[in-house]
Amino acid sequence: MNTEWRGKWALITGASAGIGLALAQELAGGGTNLVLTARREDRLQTLAKELSAKHKIQAEVFAADLASAAAPEEIFAFTQQKGIAVDLLINNAGFGAYGELPEIETQRLLDMVQVNCSAVVHLTRLFVPPMISRKSGDVLILASTASFQAVPYISTYAATKAFDLLFAEGLAEEMKPHGIRVCALCPGSTESEFHAVAGQEQFAREKESAEKVARTGLEALAAGKSYVISGWRNYLGAQGERLVPRRLVTRVAASMFKPKRNA
């Protein structure tokens, strides 16, 4: 278990399932106190009780829907009220949607941009200034292997994750003089509820475990990396795209993801 943040506080968004849950378990095992936030309070409460009992850490719960523009301020206010100094901010919450753009509900697309991009910026903007004052702190941002190219039929999702990757890489350089580390974690297909929620279960092949992805991200952050791609196949795929014309990469992705129409 990663003990880099033993005795400190980490805040994890989207902590009720998948990679967020795995990050919570990994950090708790290393003695990190947790603020867990997601939409499903019942799951969060169960997780908090389990981790507190098993690892003798403190765990606080705050239910919030990051599709609401007010949620980041509410989460920050909760930590202030509790007197919690967040040393590790993990912007993990996010979701996708599969299909041609006109077929996806407008509000779902806008909510995706809000959760995957706006909330990430807002939460980071709220929690980084106290870190600067303390001259220490860490931020982990969940990006994706989809960050490295356009992906037709999940076009909005891929664009939001490209935003997350570039935001993290730029911020990592900005924050170095302040003693703050920032890293983007870029997983590929992972064992989680993501593909079911996005409606693209048929494309979830050769999935990595959420636990492996979580460890990869935390180790990269502790090592001072600005981004990390989880899994050697994913790494080769993302880096190999740089050698091929962008339009060709997009065409290949389109052929892979194109919906099958009923005759």
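Refer to the preceding data block for the structure.
The structure contained in this document is the topic of the report that follows. (Residues numbered from 1 in each chain as written. Predicted model: local features only at pLDDT ≥ 70, side-chain atom pairs only at ≥ 80, totals over all residues. Heavy atoms only, no water.)

1. Looking at the packing of aromatic side chains
One pass over the full model with this rule turns up 4 aromatic pairs. Arranged with centres 5.0 Å apart and planes meeting at 35°, the rings of F62 and F78 form a pair that is tilted. In this pair, F62 sits in strand β3 (residues 59-63) while F78 sits in helix α3 (residues 71-82), placing the two residues 16 residues apart along the sequence. The class for F78 is buried, based on a relative accessible area of 11%. (Phe/Tyr/Trp six-rings, centres within 6.5 Å; stacked < 30°, edge-to-face > 60°. Helix = DSSP H or I, 4+ residues; strand = E, 2+ residues; numbered from the N terminus. Buried < 20%, exposed > 50% of the residue type's maximum accessible area, 1.4 Å probe, protein only.)

2. Notes on unusual backbone geometry
Of note, the phi angle at K135 is positive, near 60°, even though the residue is not glycine. Turning to its location among the elements, K135 is positioned in the loop between α4 (106-134) and β5 (137-142). Looking at K135, the relative accessible area reads 63%, which means it is exposed. One non-glycine residue, Y153, adopts positive backbone phi at about 80°. With respect to the element layout, Y153 can be found in the loop between β5 and α5 (155-175). By relative accessible area, which is 17% here, Y153 ends up buried.

3. Overview of the pairing of strand β4 (residues 86-91)
With 6 of its 6 residues buried, β4 lies for the most part within the structure. Sheet analysis places β4 next to β5, joined by 4 bridges and oriented parallel. Each residue of the ladder has a partner; that of N91, found in β5, is I141. Assessed by its sense of winding, the connection that carries the chain from β4 through α4 to β5 is right-handed. (Pairing = 2+ DSSP bridges. Right-handed = clockwise from strand over helix to strand, strands pointing away.)

4. Section: the environment of I180
Relative to the assigned elements, I180 resides in strand β6 (residues 180-186). Overall, I180 belongs to the buried group, its relative accessible area being 2%. Sequence separation between I180 and A67 is 113 residues, and the spatial gap between their C-alpha atoms is 27 Å. With near-sequence residues (within four places) excluded, I180 lies in contact with V128, M131, I132, S136, G137, D138 and M175. (Contact = heavy atoms within 4.5 Å.)

5. A closer look at the nonpolar core
The biggest cluster of nonpolar side chains holds 50 residues, and the ones touching the most others in it are L11, L66, I75, L89, F127, V139 and V182. Taken together, the elements giving at least two residues each to this core come down to β1 (9-13), α3, β4, α4, β5, α5, β6 and α9 (246-257). The element that contributes the greatest number of residues to this core is α4, accounting for 10 residues. Filtering out sequence-adjacent residues up to four positions away, V182 remains in contact with V139, A168, L171, A172, M175, L221, K225 and S226. Counting residues in each nonpolar core, the second largest holds 33 residues, with I19, A38, L47 and C183 among its members. (Core = buried A, V, L, I, M, F, W, Y, C linked by side-chain atoms within 4.5 Å.)

6. Points about the pattern of salt bridges
Within the structure shown, the criterion is met by 7 salt bridges. Between R181 and D138 there is a salt bridge; the shortest N-O distance is 2.6 Å. With R181 in strand β6 and D138 in strand β5, this residue pair connects regions lying 43 residues apart in the sequence. Residue R181 is classed as partly exposed on the basis of its relative accessible area, which comes to 23%. Judged by relative accessible area, which is 5%, D138 ranks as buried. Put simply, E208 and K212 hold a salt bridge, and the shortest N to O gap is 2.7 Å. Among the ionic contacts, a cluster of salt bridges with common partners joins E4, D138 and R181. (Salt bridge = Lys/Arg side-chain N within 4 Å of Asp/Glu carboxyl O.)

7. Some details on the packing of helix α1 (residues 18-29) against helix α2 (residues 41-55)
For the pair α1 and α2, the least separation of the axes is 10 Å and the interaxial angle reads 20°. As summarised for this structure, α1 and α2 are arranged roughly parallel, according to the angle between their axes. Of the two elements, α1 crosses α2, and the hand of that crossing is right-handed. Across the interface between the two elements, L21, A24, Q25, A28 and G29 of α1 pack against L47, E50, L51 and H55 of α2. Of the residues that constitute the contact of α1 with α2, the class distribution is 5 nonpolar, 3 polar and 1 charged. (Axes fitted to C-alpha atoms, helices over the stretch in contact; angles between N-to-C directions. Parallel < 35°, antiparallel > 145°, perpendicular 65-115°, else oblique. Left-handed = near helix turned anticlockwise from the far one by under 90°. Nonpolar A, V, L, I, M, F, W, Y, C, P; charged D, E, K, R; others polar.)

8. Quick look at the sheet that holds β1
Hydrogen bonds between backbone groups are what pair the strands of a sheet, and the pairing can be parallel or antiparallel. The strand order β3-β2-β1-β4-β5-β6-β7 describes an open sheet built from 7 strands, whose pairing is parallel. The two strands at the open ends of the sheet, each matched to only one other strand, are β3 and β7 (227-229). Sheet twist, expressed as the mean angle between neighbouring strand axes with direction ignored, is 15°. Two elements, β1 and β4, share 4 bridges in a ladder whose sense is parallel.

Function cannot be read off these values alone, since they describe shape.
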